[in-house]
Amino acid sequence: MSNNTTVDEKYNLITRNLQEVLGGDEIKKILQERNLKVYWGTAPTGRPHIGYFVAMAKIADLLAAGCEVKVLLADLHAFLDNMKAPLELVAHRVKYYEAIVKAVLRSIGVPLEKLKFIVGSSYELSKEYTLDNFKLAACITEHDAKKAGAEVVKQVASPLLSGLLYPQMQALDEEYLDVDCQLGGVDQRKIFVLAEKYLPQIGYKKRSHLMNPMVPGLTGSKMSASDPDSKIDFLDDAKSVQKKIKKAFCEEGNITDNGLLAFIKYVYFPVKQLSTDKPTFVCPRPEKWGGDIVFEDYATLEKEFAEKKLHPGDLKAGVIAALNTMMDPIRKEFENPELKELITLAYPPPAAKPVKEKKKKEKKNTKEEEKPENKTEGASAAAAAPAAAAAK
């Protein structure tokens, strides 16, 4: 984007394809004076999935609008979230997340020179941060902390204290990363509201917030890194992608609970917009059934599917082809032996369960068992023998 870009043009690029913006007027004020400073954070827990394409496409927009973007690898948050990532694995997963995020950004043509990657523990364990964390803990009610993390922190029957600390630390990160704005999914909205309410209470300014839509999983629920049945990992091979998409819920005419349509709307078209003004989505189909179906926009595709003019099988074929094309550069990059080793360190295969040895039964001496335990029993047995013979 050229230096002559207007404030409105920058703002439109920053906010396009978002589901919600909090503090839009403040963003415009800042853009009149300088470029916006934004951070996007991710906790290195499960393997990143294709839903991350949404954030990557938005990071591309932010960089194109001249924003200063920081990527937070929130290692302590990963541990605090019900210990999804054990401390001994967090360091490896931080490296893996950085490598996969960079690979995804490269695959969609995003320059990395202007991006800054920061590990949370590099400043979250400082004396100043710890004191501010305590200050927030003295302001935020248990009710607000629990409510803020309801859609982000793993919910369990007996919540841990760590889950209550998670939202306030995410809020405090805005100050310590020195940003004007935080980018996240719409599932983070309650944390963003908590940040806007409580940061001013300890003397820090209220920030703006950008919210991406959430991509539903293949089963209809939220696509989650900790739920293998709901997601497609960036490094899944072509056969796995095909198998998962074929099994995905895709009811004919249903445009509400459809993770495949959501992928096309929130991932495919926004990513393609980065490289062309006229993106198309193709559903490959044999010539005997009419040949390929080409859509030049999402609205037309959705209308055709809703009216049952586009069959779920054809839609799935298009998604399989699109996904494998998008994932191929990422998979190729991770053929590097060092990155393969990093995957094993970050996500070691489960230890084999020890095989239980069957205890050999000791053979009993049948002759000894047949011997009478005392003379009386022996005599009774002897007396019974002729009586039995007489009965016959």
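Just above, that's the structure.
Asks: I would appreciate a short explanation of helix H2 (residues 24-33) in the present structure.
Replies: It helps to recall that an α-helix has 3.6 residues per turn; residues three or four apart then point in one direction. Looking only at H2, the buried set comprises Gly24, Ile27, Ile30 and Leu31. All buried residues of H2 fall inside an arc of 115 degrees around its axis, so they share one side. Opposite the packed face of H2, turned more than 90 degrees from it, sit the exposed residues Asp25, Lys29, Gln32 and Glu33. Here the buried face of H2 lies against helix H1 (7-15), strand E1 (20-22), strand E5 (181-185) and strand E6 (208-212).

Asks: Any chance you could explain the sheet that holds E1 here in plain terms?
Replies: The strands making up a sheet associate through hydrogen bonds between their backbones, and the pairing can be parallel or antiparallel. Read from one edge of the open sheet, six strands run E1-E6-E5-E2-E3-E4, paired in mixed fashion. With one partner strand each, in any of the chains shown, E1 and strand E4 (115-119) form the two edges of the open sheet. Within this sheet the neighbouring strands show an average axis-to-axis angle of 25 degrees, counted without direction. Pairing between strand E2 (residues 37-42) and strand E3 (residues 68-73): six bridges, direction parallel. Note on E3: the bridge partner recorded for tryptophan 40 is valine 71.

Asks: Whenever I open this one, the pattern of salt bridges confuses me. Can you help?
Replies: Two side chains of opposite charge can pair, provided their charged atoms sit close to one another. Scanning the model with the defined rule gives 18 salt bridges in all. Notably, a salt bridge pairs lysine 135 with aspartate 132, separated by 3.8 Å at the nearest N-O pair. Of the two residues, lysine 135 and aspartate 132 both sit in helix H7 (residues 127-137), three residues apart, roughly one turn of that helix. A relative accessible area of 38% means that lysine 135 is categorised as partly exposed. Put simply, aspartate 180 and lysine 205 hold a salt bridge, and the shortest N to O gap is 3.6 Å. Of the two residues, aspartate 180 sits in the loop between helix H9 (161-176) and E5 while lysine 205 sits in the loop between helix H10 (189-198) and E6, which places them 25 residues apart along the sequence. Under the relative-accessibility criterion, lysine 205 is labelled partly exposed at 46%.

Asks: For this particular structure, what's the right way to read the packing of aromatic side chains?
Replies: Centre-to-centre distance and the angle between the planes together describe a pair of aromatic rings. Tallying each qualifying case throughout the model produces eleven aromatic pairs. A centroid spacing of 6.4 Å and a plane angle of 75 degrees characterise the contact between tyrosine 52 and tyrosine 97, whose relative ring orientation is edge-to-face. Of this pair, tyrosine 52 sits in helix H3 (residues 52-64) while tyrosine 97 is found in helix H5 (residues 87-107), placing the two residues 45 residues apart along the sequence. In terms of burial, tyrosine 52 and tyrosine 97 fall into one category: buried. When the centroid spacing of 6.4 Å and the interplanar angle of 75 degrees are considered together, the rings of tyrosine 96 and tyrosine 97 count as edge-to-face. The exposure class assigned to tyrosine 97 is buried, which follows from its relative accessible area of 0%. A cation sits over an aromatic face here: lysine 28 above tyrosine 11, 4.7 Å from the ring centre.

Asks: What is the right way to read the pairing of E2 from this model?
Replies: For E2, a buried count of five out of six residues is recorded, marking the element as mostly surrounded by other parts of the structure. Handedness of the crossover is the feature at issue here: the chain leaves E2, passes through H3, returns alongside E3, and the resulting connection is right-handed. With three bridges connecting them, E2 and E5 associate as parallel partners. Considered in E5, the bridge of tyrosine 39 is made with glutamine 182.

What counts, and where the lines are drawn
Residues numbered from 1 in each chain as written. Predicted model: local features only at pLDDT ≥ 70, side-chain atom pairs only at ≥ 80, totals over all residues. Heavy atoms only, no water. Buried < 20%, exposed > 50% of the residue type's maximum accessible area, 1.4 Å probe, protein only. Helix = DSSP H or I, 4+ residues; strand = E, 2+ residues; numbered from the N terminus. Arc of directions from axis to C-beta. Contact = heavy atoms within 4.5 Å. Pairing = 2+ DSSP bridges. Axes fitted to C-alpha atoms, helices over the stretch in contact; angles between N-to-C directions. Salt bridge = Lys/Arg side-chain N within 4 Å of Asp/Glu carboxyl O. Phe/Tyr/Trp six-rings, centres within 6.5 Å; stacked < 30°, edge-to-face > 60°. Lys NZ or Arg CZ within 6 Å of the ring centre and 35° of its normal. Right-handed = clockwise from strand over helix to strand, strands pointing away.

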